[in-house]
Protein chains: 4
Amino acid sequence: MTVNVAILGASGYTGAELVRLIATHPMMRIAALTADRKAGQPMAQVFPHLRHLDLPRLTTIEQVDFSGIDLAFVALPHGLSQALVKELPPKLKVVDLGADFRLTPEGYKSWYGADHVAPELQPEAVYGLTEFYRDRIRAARLVAGTGCNAATVQFALRPLIEARLIDLDDIVCDLKNGISGAGRSLKENMLFAERSEDVAGYSQGGRHRHLGEFDQEFSALVGREVRILFTPHLVPVNRGILASCYVKGDPQAIHAALQARYADEPFCIVLPMGELPAMSHVQGSNFVHLGVVGDRVAGRTLVVSTLDNLNKGSSGQALQNANLMLGLDETLGLMLAPIFP
Amino acid sequence: MTVNVAILGASGYTGAELVRLIATHPMMRIAALTADRKAGQPMAQVFPHLRHLDLPRLTTIEQVDFSGIDLAFVALPHGLSQALVKELPPKLKVVDLGADFRLTPEGYKSWYGADHVAPELQPEAVYGLTEFYRDRIRAARLVAGTGCNAATVQFALRPLIEARLIDLDDIVCDLKNGISGAGRSLKENMLFAERSEDVAGYSQGGRHRHLGEFDQEFSALVGREVRILFTPHLVPVNRGILASCYVKGDPQAIHAALQARYADEPFCIVLPMGELPAMSHVQGSNFVHLGVVGDRVAGRTLVVSTLDNLNKGSSGQALQNANLMLGLDETLGLMLAPIFP
Amino acid sequence: MTVNVAILGASGYTGAELVRLIATHPMMRIAALTADRKAGQPMAQVFPHLRHLDLPRLTTIEQVDFSGIDLAFVALPHGLSQALVKELPPKLKVVDLGADFRLTPEGYKSWYGADHVAPELQPEAVYGLTEFYRDRIRAARLVAGTGCNAATVQFALRPLIEARLIDLDDIVCDLKNGISGAGRSLKENMLFAERSEDVAGYSQGGRHRHLGEFDQEFSALVGREVRILFTPHLVPVNRGILASCYVKGDPQAIHAALQARYADEPFCIVLPMGELPAMSHVQGSNFVHLGVVGDRVAGRTLVVSTLDNLNKGSSGQALQNANLMLGLDETLGLMLAPIFP
Amino acid sequence: MTVNVAILGASGYTGAELVRLIATHPMMRIAALTADRKAGQPMAQVFPHLRHLDLPRLTTIEQVDFSGIDLAFVALPHGLSQALVKELPPKLKVVDLGADFRLTPEGYKSWYGADHVAPELQPEAVYGLTEFYRDRIRAARLVAGTGCNAATVQFALRPLIEARLIDLDDIVCDLKNGISGAGRSLKENMLFAERSEDVAGYSQGGRHRHLGEFDQEFSALVGREVRILFTPHLVPVNRGILASCYVKGDPQAIHAALQARYADEPFCIVLPMGELPAMSHVQGSNFVHLGVVGDRVAGRTLVVSTLDNLNKGSSGQALQNANLMLGLDETLGLMLAPIFP
């Protein structure tokens with residue numbers, strides 16, 4: 001059996017990463033690739049590293065014949081997905097990699113400051129954090145990819161919050177973010193000469209939109225409002241997010257809870273107690289590495305999680321969800337080892 | 001059918017890369033991993049990015065039971081392989097990634113300044129540049145990996161030299177080399193702070209040992225002495241070699257010759273006339289990208305080739321050769337797309 | 001007037017940085033440079049970027065004639081300074097860049113696990129955080145350089161702790177550290193290929209020795225024990241430390257306190273409320289940039305400080321202290337603008 | 001005596017570098033800074049690393065009162081300088097950092113494909129390669145900065161071409177170029193994620209506009225046409241150009257000629273025979289390092305030169321020329337040591 005997929009918005013980094021992963025998938029075929037502004041170009045022109053693959057030429061979305069497509073990945077800038085998904089065939093399975101369907105209607109309005117153009121679809125969308133929404137994803141028609149930061153932090157904290165192993169009012173998450181997370185769009189502060197040799201925080205003070213996901217998810221877990229502190233920092237690395245989460249709770253209990261929770265998860269690996277994960281050890285892969293360290297100050301614990309923002313943080317997660325939605329083995333196309341160095 | 005392999009010298013970057021590639025190989029199983037100084041350690045301690053794999057613990061070479069092993073990859077520092085290979089079971093297939101069996105006895109003595117300790121094996125060893133020694137490799141028991149620089153340049157020049165499309169006495173090869181080529185051994189000039197923000201040539205003036213391979217191979221192609229100019233430069237990139245070869249010859253004829261030669265090769269891609277390849281477009285893969293550009297000065301042509309030194313330049317080549325020696329499809333485990341960005 | 005200085009231990013990065021800075025100092029002359037293992041070599045061989053300077057050849061310490069030397073900078077690995085300083089002429093002014101004289105006798109023993117070999121000198125040594133010990137430094141014979149991390153965090157927190165503007169029992173400091181801080185010694189994890197594309201914490205759980213300085217200094221400020229949480233992370237940048245300090249306190253009051261404290265300091269710059277500093281904006285200079293941001297969670301504030309670990313975090317601080325000790329203008333040789341990009 | 005200067009086009013990297021250098025100049029004051037699109041902003045907003053300096057706010061060019069200005073640096077994109085310089089007060093000394101006045105009228109038209117709008121000024125402009133046009137620069141009103149690549153290669157080759165020590169018809173120059181040379185303008189291929197981990201040639205085949213300078217200058221030296229081969233390659237480094245020039249000639253004679261030529265030059269340093277310079281050893285400085293190596297192939301020589309493209313390749317050269325034009329010591333503001341690491 002081969003399933004046919006389309007990638008809508010294939011000219012960005014997440015689109016290219018989907019192609020890279022699907023190229024190793026034994027049962028998935030890319031039937032269409034779209035990129036409105038680059039329609040007509042071969043993918044090899046937009047991404048020469050994919051030159052060896054036999055891929056369909058980029059088209060506009062209008063040119064796609066969806067009749068034979070089983071599932072569409074939508075990798076458009078936020079705000080554009082909602083209008084598009086609304087127009088897609090109603091039975092087409094959709095994995096959206098953007099922000100448009102991640103939040104409740106209230107959450108969306110609050111964090112994105114605009115009315116949603118497809119409110120009728122919002123209730124249907126399932127939050128795509130595979131390891132925590134697996135059953136709902138398997139049954140879903142529309143799955144919303146999580147924010148890459150949101151995924152990284154939730155792997156570290158969800159089991160702890162749900163079990164109330166940590167003080168819910170004192171969670172500090174300091175993130176180090178690789179540059180590809182900003183995508184391929186042109187911004188002065190993303191130029192090589194601006195980012196190389198630099199580290200700097202951004203979206204400081206609780207303004208980053210992924211906080212909408214934390215608020216929604218963490219509060220739902222415990223039935224009360226949870227507000228974490230969250231500051232991302234750009235680091236001169238291509239891929240990767242490393243989240244250092246400072247929490248109040250017993251390190252042994254925290255480590256045990258994470259080990260228990262992820263024991264059967266194929267992509268989540270908890271390091272031995274006291275060891276810290278490294279960003280480069282998951283690069284290019286769908287793995288998450290987690291570490292727990294007790295501080296010399298009693299009752300204070302550091303939980304660190306790291307993943308590849310383009311893979312597990314975005315396109316890998318999307319493929320994992322697509323596998324589930326299509327009734328396939330969840331790990332197909334995703335067992336590539338990290339690339340090091 | 002599953003074949004069993006051993007990796008002798010698995011604690012270096014090429015050893016880790018072999019493990020990464022073989023992890024995607026449908027018919028190959030790693031039965032033994034050795035590293036004398038790290039014997040007893042799990043591979044996950046030496047290379048935490050391989051943590052998700054179920055791998056044998058590192059042992060000494062003496063501890064390996066070769067009875068069930070079909071082929072051994074030898075990834076030891078040069079000079080150590082020859083003594084080791086001599087002691088291995090005489091029928092064991094061997095792919096050596098080092099320099100010990102690359103050169104003729106005279107070439108070895110001249111470039112390495114020492115007597116070979118296994119001269120009886122030298123005649124048997126086949127030079128491992130797959131695309132040019134495929135039939136002999138298929139039949140070989142002992143295959144010698146090429147130098148990573150030597151491979152990069154030969155892909156650009158062999159067809160041109162053999163067809164005498166270029167002036168054999170005026171070939172200038174300027175290389176840009178990623179840092180992982182220096183391996184994991186401790187050298188002051190390989191520290192991050194020394195290499196970051198730097199570019200510098202090394203082994204200047206015709207002293208680099210890979211020149212022994214060029215001399216041997218290019219001279220053999222045309223039955224006369226060929227001496228190219230060759231200067232490698234370290235650039236602050238993890239993986240990759242990009243060779244800029246300045247030759248005298250007709251650009252159209254050169255481009256046509258490369259296209260014809262590589263038309264059926266699964267890993268060698270010739271770009272359209274006038275386009276240059278980029279190092280990042282082959283990173284993490286077994287592909288070689290080649291480009292040809294005619295200069296405004298008539299009769300002068302630039303031929304550029306690029307590959308990943310740890311993959312196609314070393315471990316990927318080794319696996320490709322092992323596949324041939326074991327009667328398997330040559331591309332197994334090697335079709336991973338490059339990782340970009 | 002020209003003062004003569006010696007740099008003892010000139011073959012490390014801090015030694016080279018001292019030479020770079022002193023080269024622009026209008027009243028200071030380098031009379032001696034030592035490096036035991038490289039004695040006899042010209043400095044241009046050890047550090048070719050200093051090739052244009054007319055510098056004394058490296059010697060052993062024994063070869064130095066201290067009779068005409070006004071001040072010695074000691075840039076030796078920790079543990080070696082104490083034995084050396086003991087043997088220097090008793091009236092020679094000394095700025096030690098290492099850890100040997102930073103801590104009280106109890107602190108030293110506790111954090112370095114060894115008896116001090118020059119306990120008679122410990123009481124005399126002044127802690128070299130210029131902006132907070134200026135008067136004592138001016139009068140001192142022996143000044144101990146601070147840890148580079150210790151300096152970075154203290155610029156952010158000292159005024160706040162002293163004025164008790166923040167909760168003393170809930171201070172989280174997450175640091176991002178450039179690689180040159182590890183020095184020029186050979187360690188596998190400092191190789192380019194290991195650090196490039198990586199971010200990882202180290203000395204986790206309260207084990208970093210700079211905590212000895214925080215314990216000592218912060219507790220002294222308020223007359224009670226203060227124990228901060230502190231986790232450094234290596235980032236692939238040559239120079240720079242950026243400290244993200246998460247505190248409980250009013251952001252406006254915190255910003256006002258820092259502004260007031262540093263209004264007259266030539267090297268400490270507080271950004272407008274709500275702005276974050278960037279590591280690359282102080283690179284190569286003796287400046288510290290500080291930023292304060294109030295979080296959406298009321299009462300939670302982020303204070304970020306950044307400096308160049310080799311300059312303000314080490315050699316710049318040392319020169320600033322030397323200027324004071326020699327009765328010179330404190331800023332001589334130190335007003336170089338940061339280099340960007 | 002203090003001279004007043006204006007920097008027209010101060011929002012680019014070369015503008016910022018001029019400010020950084022002039023900040024250490026004992027006799028030069030920045031009286032005006034312009035940037036049309038950022039007029040009204042403080043320089044600290046555009047370049048926060050200059051925050052500690054007391055600088056005039058950015059204005060439009062129209063707002064500048066040139067009456068008290070002794071010299072203007074013009075750092076505008078090519079094509080814009082010519083119209084501007086035409087409108088400046090006729091006696092104002094001008095150092096143009098762009099391409100508009102580098103070439104003869106014929107050369108300009110040929111390489112830039114447009115008519116010059118200030119042809120009356122072209123004859124007056126002096127080519128700003130200080131070490132070779134010093135006397136004419138001293139007397140000039142209008143000096144044209146050289147291309148950064150053009151400067152790098154000319155330091156290596158001019159003395160050799162002029163003395164006909166090398167074969168004029170066989171010169172291959174392979175350049176490695178830091179990214180800041182592309183400036184601060186938005187281009188997809190200058191994003192961090194595109195340039196990090198990449199090396200690739202550009203302007204291949206003799207299309208780079210700096211060839212106009214080589215053609216003009218080298219041909220003038222010997223009274224016949226000289227056409228070099230020249231291929232620049234982007235390397236992931238912030239600053240620096242390293243030119244590997246492959247020539248035919250005697251290495252000893254070449255080394256001797258360069259040593260003799262630069263013996264009295266304050267910024268040009270010829271390494272001992274056989275040694276190669278490194279890009280990081282001149283970073284942040286106005287120095288040029290040159291190396292000469294004879295190949296094992298007799299009669300073939302590698303000449304390598306390296307400089308910082310923003311400093312000696314652009315703003316440092318401009319300041320050096322301004323010093324001459326203003327009757328000041330040529331080295332003022334320019335003796336900063338390189339920053340390493």
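Preceding this paragraph is the structure being described.
Model, not experiment: these values are computed from the prediction.

Caption draft 1: Quick peek at empty space enclosed by the protein. A complete count under the given rule lists 13 cavities of 30 Å³ or more for this structure. The space that makes up the largest cavity amounts to roughly 220 Å³. If you trace the largest cavity, you find 16 residues lining it, with A:P236, B:P236, C:S196, C:P236 and D:P236 closest to the centre. Across the lining of the largest cavity, the residue classes break down as eight nonpolar, four polar and four charged.

Caption draft 2: Representation of the interface of chain C and chain A. Contact with chain C, which involves 51 residues of that partner, is made by 51 residues of chain A. For the chain C and chain A pair, buried surface summed over both sides reaches about 4000 Å², with 55% attributable to carbon and sulfur atoms. Here chain C and chain A share eight salt bridges between them. Taken together, chain C and chain A are joined by 29 residue pairs in polar contact (both at pLDDT 80 or more). Looking at the side of chain C that touches chain A, the elements that each hand over two or more residues are β8 (172-177), α7 (192-195), β9 (200-201), α8 (210-222), β10 (229-234), β11 (241-248), β13 (288-294) and β14 (300-307) of chain C. Residue composition of the side of chain C that touches chain A, by class: 24 nonpolar, twelve polar and 15 charged.

Caption draft 3: Representation of the interface of chain B and chain C. Each partner contributes to the interface: chain B provides 21 residues, whereas chain C provides 21 residues. Taken over both partners, the interface formed by chain B and chain C buries close to 1800 Å², and the fraction arising from carbon and sulfur atoms is 58%. Summed over the three residues of chain B that lose the most area to chain C, namely B:L186, B:L191 and B:F192, the buried surface amounts to 38% of that side. Our enumeration of links across chain B and chain C arrives at six salt bridges. One salt bridge in this structure joins B:K38 and C:E188, with 3.6 Å as the shortest N-O distance. Summed over the shared surface of chain B and chain C, the result is eight residue pairs in polar contact (both at pLDDT 80 or more). Among the elements that take part in the side of chain B that touches chain C, helix α7 (residues 192-195) of chain B stands out by supplying four residues, more than any other. Residue classes in the side of chain B that touches chain C are distributed as nine nonpolar, five polar and seven charged.

The rules behind each value
Residues numbered from 1 in each chain as written. Chains lettered and ligands numbered in written order. Predicted model: local features only at pLDDT ≥ 70, side-chain atom pairs only at ≥ 80, totals over all residues. Heavy atoms only, no water. 1 Å grid on protein atoms, 1.4 Å probe; cavity = no way out; pocket = protein on both sides within 12 Å on 5 of 7 lines; lining within 4 Å. Points joined across faces, edges and corners; volume = space filled by probe spheres on them. Nonpolar A, V, L, I, M, F, W, Y, C, P; charged D, E, K, R; others polar. Contact = heavy atoms within 4.5 Å. Buried area = accessible area lost by both parts, 1.4 Å probe. Salt bridge = Lys/Arg side-chain N within 4 Å of Asp/Glu carboxyl O. Polar contact = N/O pair within 3.5 Å; in protein donor to acceptor, adjacent residues only side chain to side chain. Helix = DSSP H or I, 4+ residues; strand = E, 2+ residues; numbered from the N terminus.

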